[in-house]
Each structure stands twice: as structure tokens, then as C-alpha cells.
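Examining the three-dimensional arrangement
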Amino acid sequence: METSDGPGGPPAAARTAPTLDELDELVVSCRACPRLVAWREQVGREKRAAFRDQTYWARPVPGFGDTRAAVVVVGLAPAAHGANRTGRMFTGDRSGDFLFAALHRCGFANQSTSTGRDDGMVLDGVRLVAPVRCVPPDNRPTPDERRRCAPFLARELELLAPTLQVAVALGALGWNALLAALAGQGWAVPRPRPRFGHGAAIDLAPVDGGPGRLTVLGSYHVSPHNTSTGRLTPAMLDAVLDRAAALTGRERRPAPPAAPPTVRQPPR
Ligand code: SF4
């Protein structure tokens, strides 16, 4: 395995990372994009007022979840005061609140709220990843930055391949990055590439006609821009995740019992 200090640095070394743990170590050590390194650290120094007493992660964010996942959820990039603060994908902001609540309803998460790396969240059967691992200014990574970071997503998909059955792309950037990575790994991605849309689905087979299938599903991103306007509702995201669960043979977990009603004591 090439060291992270070798030619090309961590993204190049990622191509041969033997395990997800070793891939994660390469991710968090990466400083390959000067603009994003400067931005993630600036956000971590300046902080949002509500988090001024916290130490921001301010580094690249590795994937989070089941290392034998059947479903991978591909987002965009860490959020400035969410994952760039907490160090865990989708954790600590409104996008994550929306996503983790849905993952819990659909049986992929043991709890519905996600506040930090030590909050007890466990994902079962699903892993959360991003095509760009550092927070970009205005949520807009440049094409060069996307290209430089691509080996991390590609290797993560390769390492998950033995168990992976469904990939859910949140938004067009995740969709395009995912299809590009899969095309490079021997999946027969149609040309021209299918366009992203909420509810879009593609069934992929290996180019060489070998066994194995992978389904790619599209969902609008869980950003507040989409969820606060009703463009993406909880029911819409549940439908996508339920479809992913069904494709992997999972039963939807029954809803947890409602809390018992509060019994008012009569005044003494
Ligand atoms: S965006 Fe990716 S390639 Fe660029 S510094 Fe962050 S982890 Fe490294």
C-alpha cells in the first residue's frame, strides 16, 4: 500500500487501501485541496455562535455506518457546522435530523436523533458517504476538487462491494459521482448516463456479464432548502428508503410504541 505521504498523497493511496478503517485514516489525513483545507479550518476557528464552546472537527469526514452495508447513501459534502463540526457524516445539522429520522423509521438506525460522534447512533445495513470529504464554500466544490476526492468514494464502494446491493444518491451531484465511480468499477452504466431525478432507479449488471446486481435510486437531497419548502417530504424519503430496504430483503421495522399517556393526579 502506498503511504499517504507518497506521490499523489492520500487520494492516490486510497486506491489500494485494504480495509475501510485504513481508508478512513487516509481520508482524515488528506490535505490535497488547498482551498478546502483553508475553508474547513477557517470555519472551525470562526465557528457559529451557538457552538462557540465546541472544538470543531475541521478535517475531512470519513464514511459512517455499517462496514458490511447492503445500502450506501451518497450525499454531497460535509456541512460547515454539521459534519465539519462533529466529524461524522450528516451529524449535527438539519439535513442530518431529517435523514436520521427517516433511517430510524425505515429500520436502518437504532435512534432518530444524531448530535455527535458519541451519541450512540448505530446504523444497520447502511453506510453514509460523500463524493467530497471536506466542506466546500457555498456547498460548491470545483470540478478539480471533485476529481481529486473521487478515489475515496471509488475505493469505499469497492470495499463495500461484497455486500452492497443498493446505492441511494441524494441529489444530482451525488448521482453523477456515483455513476462515474460505478462505471469505473465494471458496472454497465448506460450511455448517455441516466439523468438524476427523485424516484429515478437504474438496475446495473456487470459489464462482463458476471453475477451480481446493483440498484441505484435517486432522491432529492435532504438539505433544508428542499425539506423546508416541501420539495422533499418525510414520506418521499421514506418511500425511497423503504424501496432500498425491500430490495435488500429487509422487513420494515415496526414503529416503536407510543409513549403512554400522562395520567394526571387529582389535586389533593
Ligand atoms: S476534498 Fe477530498 S481530496 Fe480534497 S482535501 Fe478534502 S479529502 Fe482531500
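For clarity, every value in this text was computed on a predicted model and none was experimentally measured.

Basis of the calculations
Residues numbered from 1 in each chain as written. Predicted model: local features only at pLDDT ≥ 70, side-chain atom pairs only at ≥ 80, totals over all residues. Helix = DSSP H or I, 4+ residues; strand = E, 2+ residues; numbered from the N terminus. Buried ≥ 20, exposed ≤ 12 C-beta atoms within 10 Å, placed from the backbone. Near = placed C-beta within 6 Å. Nonpolar A, V, L, I, M, F, W, Y, C, P; charged D, E, K, R; others polar. Axes fitted to C-alpha atoms, helices over the stretch in contact; angles between N-to-C directions. Parallel < 35°, antiparallel > 145°, perpendicular 65-115°, else oblique. Contact = placed C-beta atoms within 7 Å.

Going from Arg191 to Pro192, the amide bond is cis rather than trans, its omega being -5 degrees. Within the fold, Pro192 resides in the loop between helix H7 (172–183) and strand S5 (201–204). The backbone of Ala58 shows a phi angle near 55 degrees, a positive value even though the residue is not glycine. Structurally, Ala58 can be placed in the loop between helix H3 (34–46) and strand S1 (64–65). Judged by local crowding, Ala58 falls into the buried class, with 21 C-beta atoms found within 10 Å. A positive phi angle, near 60 degrees, is found at Asn139, a position not held by glycine. If you trace the backbone, Asn139 turns up in the loop between strand S3 (126–129) and helix H6 (143–160).

Moving on, we come to the site of the ligand. In the vicinity of the ligand lie 15 residues, with Cys30, Cys33, Pro60, Cys134 and Cys149 positioned nearest. Among the elements of the structure, H3 and H6 are those that each provide at least two residues to the shell around the ligand. For the shell around the ligand, the element with the most residues is H6, which contributes three residues. The residue makeup of the shell around the ligand, split by class, is 11 nonpolar, no polar and four charged.

Closest axis-to-axis distance for the helix H2 (residues 20–28)/H6 pair is 10 Å, and the angle between their directions is 170 degrees. When the axes of H2 and H6 are compared, the pair comes out roughly antiparallel. Between H2, through Leu20, Leu23 and Val27, and H6, the contact on the second element is made entirely by Phe152, Arg155, Glu156 and Leu159. Each residue belonging to the contact of H2 with H6 can be placed in one class, and the counts come to five nonpolar, no polar and two charged.

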